[in-house]
Amino acid sequence: MDETFTVELTQVKQDIVVGIVECQNRGLVQCAKWLAELNHGLSDTTVDVKGNQCEHLHTGIAQNEYDDYALAKSYFDVREYDRSAYFTRNSISPVPKFLHMYATYKSKEKKRLDNMSDSSVVSTVNHVKDFSELLTTLRTEHGQQKLDGYCLYLYGVILKKLDLTDMAVRVFVESINAVPTLWSAWVELAPLVTDKGMLRTLALPNHWMKQIFIGYTYIELFLNDEGIKIFDYMQTIGFSKCVFIPTQLAIAYSNKRDVDRSIEIFQHLQEIDPYRLDNLDSYSNLLFVKDMKTEMSHLAHKVVDINKYSPETCCVVANYYSIRSDHYKAVMYFQRALKLNPRYLSAWTLMGHEFMEMKNTNAAIQSYRQAVEVNKRDFRAWYGLGQAYEILKMPFYSLHYYKAAQTLRPYDSRMLVALGETYEKLEKISDALKCYQKAYNVGDIEGVALYSLAKLYEKQGEMEKAIPAFLNFCSDEKVVADKASLCHAYLTLANYYEKHEDFDKVIYFAYKCLDYEETKREAEALLKMIATKRIPKATASVASTSAGPKKTTDEKPQQDSESTDTYGDDMDMDETNISKTIDLVMSEEIALTNSEIPELHMEDSYDVNE
């Protein structure tokens, strides 16, 4: 972020007011809505709104074209796109000309979506044919430099649909430089930015909108801390009441797995704008993660009352059924959301998850593939594809998709652990070990990397490396969710130290094993074995202390008699005596502390894609 970035809020509001009028005149309703929300957040700043609106109300509309434009705009507003395009077909002034092209584009899109079957996908194969005439016109006029910023935006949208990414980036940058307040162009550009380096090289205007875009793109790239820094700063300079800013902060905290803080922000947004549907699907995802069924139920009923035919509503209701484990209804509502918006990313991904729950792996794969078509940066879809092919026992395919997910989230331990497990199945042991080690180094989210590392060392017979890993894994048992792995670790440690005759540690870990049914019998057997080995030594020590420096000949037979009585043939089966004996031995273990457990020194991090 530019540390010297400052804004004059009066100028910002003037830019916004002009932008709202310009977008409304051209039918860019989503951009006009976004600007209007931003404008409302700056309500403490006053400008001469009436003067600005009157000045720009008819800008870009020739006087002899106004009647045709007014009629065409009314048709556009009621989604009669062909009629709108027809009445502006001969227009040459900027606003009617854009309306003609935009209405043509919307007509093609609407017909394509209306003709989609239930199994249709978001492939761009037929787009060239659909937009050929419009594309030819835009390309020709672009070469002649006759396109204004709004027409450049439309040209970029079509290029993006045709997967002409490099050209689309250049055209969007041109559009943004011509009309910096056209938020739609910024939003279309953001998914095309592949990394921070590319973001810095873009020739973007030095405009206050640039800072919002950079913060938004950072969060898109999962550079959440940097995005949070920008939006926190923007809140301090006057944008705190703009709902877009806290929404982005909530998404960033969600990406960082700070679920509670993200939920808190969404709940605050619900209080100040109770009928807002934007991003409520993200909020419902958080409620799902926290298993907040009551709150999910309230949210689902609320959004249905607001607008039951909104894609966001369908997604929230789908999550509601999913949290109730009604996966068939969840899929049905995700499909409804996709009927309303076939490029609704989260619906494709979440529907893939539902198919996985239903054991319908092929349908899940199709859903995840569509999510990738919509946004190739959706790491959840790549990860889902890896899981699906893992279920199908196709590890080479899994490896490919897990690598893609890990590339997008290089510091997410879940991706690294999945990669390690796949390498292990392919018997690429050194690669698997490196993945587990890096997963531990970057912060093991699920707490399984160390255990997987230790298990693999154990499998390879490298117990000297496995034991430190097991010790570190057991060092904080409260955070370990999988108790079965904890049982195995304790038992492995107990057996290892028994072989090395470190009886203090054997008893320590064997006692830990007694807490679990899976390892209780083996632990009891170990304790009995240690008791039989250690009690003679302990008794001899006690006898020598009590006897003093001199012993009479009469005392020796008495000691032998006691030894015979105490350690008779039935000793191994006498649980009461065993308990007493173990207590005696354990009294010597007070000095055994966690400080004796050696630290596991991990290797340096590495690039798993090398």
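I will try to describe carefully the structure that is included in this document.

Analysis parameters
Residues numbered from 1 in each chain as written. Predicted model: local features only at pLDDT ≥ 70, side-chain atom pairs only at ≥ 80, totals over all residues. Heavy atoms only, no water. Helix = DSSP H or I, 4+ residues; strand = E, 2+ residues; numbered from the N terminus. Buried < 20%, exposed > 50% of the residue type's maximum accessible area, 1.4 Å probe, protein only. Contact = heavy atoms within 4.5 Å. Areas by Shrake-Rupley, 256 points an atom, 1.4 Å probe, with all protein chains shown as cover. Salt bridge = Lys/Arg side-chain N within 4 Å of Asp/Glu carboxyl O. Expected span 1.5 Å × (residues − 1). Arc of directions from axis to C-beta. Core = buried A, V, L, I, M, F, W, Y, C linked by side-chain atoms within 4.5 Å. 1 Å grid on protein atoms, 1.4 Å probe; cavity = no way out; pocket = protein on both sides within 12 Å on 5 of 7 lines; lining within 4 Å. Points joined across faces, edges and corners; volume = space filled by probe spheres on them. Nonpolar A, V, L, I, M, F, W, Y, C, P; charged D, E, K, R; others polar. Axes fitted to C-alpha atoms, helices over the stretch in contact; angles between N-to-C directions. Parallel < 35°, antiparallel > 145°, perpendicular 65-115°, else oblique. Left-handed = near helix turned anticlockwise from the far one by under 90°. Phe/Tyr/Trp six-rings, centres within 6.5 Å; stacked < 30°, edge-to-face > 60°. Lys NZ or Arg CZ within 6 Å of the ring centre and 35° of its normal. Disulfide = S-S within 2.5 Å.

Here the focus is the overall build of the protein. If you tally the helices and strands in the protein, you get 33 helices and zero strands. When each of the 610 residues of the protein is scored for burial, the buried share is 48%. Here the analysis covers contacts within the protein between residues at least 6 apart in sequence; of these, 58% occur between residues at least 24 apart. Split by element, the accessible area of the protein, about 31,300 Å² in all, is 50% carbon and sulfur.

All right, on to the pattern of salt bridges then. Opposite charge on two side chains permits them to pair, given that their charged atoms come into close proximity. Summed over the entire model, instances satisfying the criterion amount to 19 salt bridges. Between K33 and D278 there is a salt bridge, with its nearest N and O atoms 3.0 Å apart. Pair noted here: K33 is in helix α2 (residues 29–41) and D278 is in the loop between α16 (259–272) and α17 (280–289), with a separation of 245 residues, a long-range link. Given a relative accessible area of 34%, K33 falls into the partly exposed group. Across the pair D44 and K241 runs a salt bridge, and its minimum N-O distance is 3.0 Å. Note that D44 is positioned in the loop between α2 and α3 (49–56) and K241 in the loop between α14 (224–239) and α15 (244–255), a separation of 197 residues in sequence. The exposure class assigned to D44 is exposed, which follows from its relative accessible area of 62%.

Between its first and last C-alpha, helix α8 (residues 132–143) extends 16 Å over 12 residues, near the 16 Å set by a 1.5 Å rise per residue. Those residues of α8 not exposed but buried are L134, L135, L138 and E141. Taken around the axis of α8, the buried residues stretch over an arc of 140°, which confines them to a single face. Exposed residues pointing more than 90 degrees away from the buried face of α8 are listed as E133 and G143. Packed against the buried residues of α8 are α6 (94–114) and α9 (149–161). Note on α8: the residue one or two positions beyond its end, Q145, has a positive phi of about 55°.

L28, L182, W183, L189, I212, F213 and F231 are the most contacted members of the largest nonpolar core, which has 133 residues in total. By residue number, the principal contributor to this core is α9, which donates nine residues. If we ignore the near neighbours within four places in the chain, the residues touching F231 are I212, G215, Y216, I219, F244, I245, Q248 and L249. By size, the runner-up hydrophobic cluster in this structure holds 49 residues, among which are Y423, I429, L433 and A449.

On to the environment of E174, then. With respect to the secondary-structure elements, E174 resides in helix α10 (residues 165–178). Classification of E174 by relative accessible area gives partly exposed; the value is 35%. On a C-alpha basis, the gap between E174 and Y153 in space is 8.5 Å, while along the polypeptide they are 21 residues apart. When sequence neighbours within four positions are dropped, the list of residues in contact with E174 reads H142 and L152.

Applying the stated criterion to the full structure yields two cavities of 30 Å³ or more. Computed from the structure, the largest cavity encloses a volume of approximately 50 Å³. Looking at the lining of the largest cavity, the element that brings in the most residues is α16, giving three residues. Residue classes in the lining of the largest cavity are distributed as three nonpolar, two polar and three charged.

Moving on: the packing of helix α26 (residues 429–441) against helix α27 (residues 449–459). Relative orientation of the contacting elements α26 and α27 amounts to 150°, with a least axis distance of 8 Å. The angle between α26 and α27 falls in the class roughly antiparallel. For the crossing formed where α26 meets α27, the hand is left-handed. Of the residues in α27, those in contact with I429, A432, L433, Y436, Q437, A439 and Y440 of α26 are A449, L450, S452, L453, L456 and Y457. For the contact of α26 with α27, the class distribution of residues is 11 nonpolar, two polar and no charged.

With the rule as written, the count across this model stands at 27 aromatic pairs. Ring pairs connect the aromatic residues F76, Y81, F98, Y102, Y105, F131 and Y150, which therefore count as one cluster. Here the guanidinium or amino end of R89 rests over the ring plane of Y86, the centre of that ring lying 3.9 Å away. Note that R409 overlies the ring of F222, its terminal NZ or CZ placed 4.7 Å from the centroid.

Even without being a glycine, F222 presents a positive backbone phi close to 65°. In this structure, K393 is a non-glycine residue whose phi angle is positive, near 60°. Within the secondary structure, K393 is located in the loop between α23 (379–391) and α24 (395–408).

Moving on, we come to the state of the cysteines. All chains considered together, the criterion is met by zero disulfides. For the unlinked cysteine C31, the closest cysteine sulfur is that of C23, found at 3.5 Å. Residue classification places C31 among the buried residues on the basis of a relative accessible area of 1%.

For helix α22 (residues 361–374), with 14 residues, the first-to-last C-alpha span of 20 Å sits near the 20 Å given by 1.5 Å per residue. Of all 14 residues making up α22, 10 are buried, and the element is well covered by its neighbours. Those residues of α22 not exposed but buried are T361, A363, A364, I365, S367, Y368, Q370, A371, V372 and V374. Its buried side turned inward, α22 meets α21 (345–357) and α23.

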